[in-house]
Amino acid sequence: HRARQDASQARAHAAADLKAADDNSDGRVSRREWEKHFGWLAVRSVAPDSIEAQAEERQSNAAAFTALDRDGSGHLDATELEPVSTGEFYHRWVLEHAVGSVDEDGDGHVHLEEAHAHFHRLIGHEALSL
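Worth saying up front: this structure is predicted, and the values here are computed from it rather than measured.

Caption draft 1: Examining the pattern of salt bridges more closely. One pass over the structure, following the stated rule, counts three salt bridges. Between D23 and K36 there is a salt bridge whose closest N-O contact spans 3.2 Å. Of this pair, D23 sits in the loop between α1 (2-21) and β1 (29-30) while K36 sits in helix α2 (residues 31-38); the two residues are 13 residues apart in sequence, bridging distant segments of the chain. Two residues, D26 and R28, come together in a salt bridge whose shortest N-O distance is 3.6 Å. What you see here is one network of salt bridges that share partners, running through D23, R32 and K36.

Laid out in structure tokens, this is it:
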């Protein structure tokens, strides 16, 4: 019963999010509407005011939209927005971005050496040692 209630709440939240973001009232969220209303989901790894950050934000928004657009229609419906409405998408997106930014060999895992190299880059000196 709890699972049905959670699913019902997720659908209701997604429908509300869709209605709030659907500027032209066509029942779908376009890429432009996505960027306007859900741009805060963009993951940034550089200073927020830089040109690089703006480009990275556009790429991140486009990638997020594409990942959610399961039917490839170029628009998001309420079902495709459910993972955003529940927070599932944001948590998964941030985790994937975090792992991807540290995973130098691209195997989907962060190894000790990769973590060490990443933290070394972050603090910019030899404060860490294996």
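We are not done yet, so read on.
Caption draft 2: How the structure looks around the packing of helix α3 (residues 51-68) against helix α5 (residues 88-102). Packing of α3 against α5 leaves a shortest axis separation of 12 Å and a crossing angle of 125°. Here α3 is positioned oblique relative to α5, judged by the angle of their axes. The handedness of the crossing between α3 and α5 comes out as right-handed. On α5, the residues that touch E56, S60, A63, A64, A67 and L68 of α3 are F89, W93 and H97.

Caption draft 3: Quick look at the nonpolar core. Ranked by size, the top nonpolar core spans 14 residues in total, and within it V29, W34, L76, L81 and V84 carry the most contacts. Of all elements in the fold, only α1, α2, α3, α4 (78-86) and α5 reach the threshold of two or more residues within this core.

Caption draft 4: A look at a nonpolar patch on the surface. A contiguous nonpolar patch, built from W40, Y90 and V94 and spanning about 290 Å² of accessible area, is present on the exposed surface. Residue position: W40 is located in the loop between α2 and α3.

Caption draft 5: Here's a closer look at unusual backbone geometry. Here S25, not a glycine, exhibits a phi torsion of approximately 55°, which is positive. Inspection of the secondary structure puts S25 in the loop between α1 and β1. Residue class for S25 comes out exposed when judged on its relative accessible area of 64%.

Procedures and definitions
Residues numbered from 1 in each chain as written. Predicted model: local features only at pLDDT ≥ 70, side-chain atom pairs only at ≥ 80, totals over all residues. Heavy atoms only, no water. Salt bridge = Lys/Arg side-chain N within 4 Å of Asp/Glu carboxyl O. Helix = DSSP H or I, 4+ residues; strand = E, 2+ residues; numbered from the N terminus. Axes fitted to C-alpha atoms, helices over the stretch in contact; angles between N-to-C directions. Parallel < 35°, antiparallel > 145°, perpendicular 65-115°, else oblique. Left-handed = near helix turned anticlockwise from the far one by under 90°. Contact = heavy atoms within 4.5 Å. Core = buried A, V, L, I, M, F, W, Y, C linked by side-chain atoms within 4.5 Å. Buried < 20%, exposed > 50% of the residue type's maximum accessible area, 1.4 Å probe, protein only. Patch = residues over 30% accessible without salt bridge, like charges linked within 9 Å, V, L, I, M, F, W, Y side chains within 5 Å. Areas by Shrake-Rupley, 256 points an atom, 1.4 Å probe, with all protein chains shown as cover.

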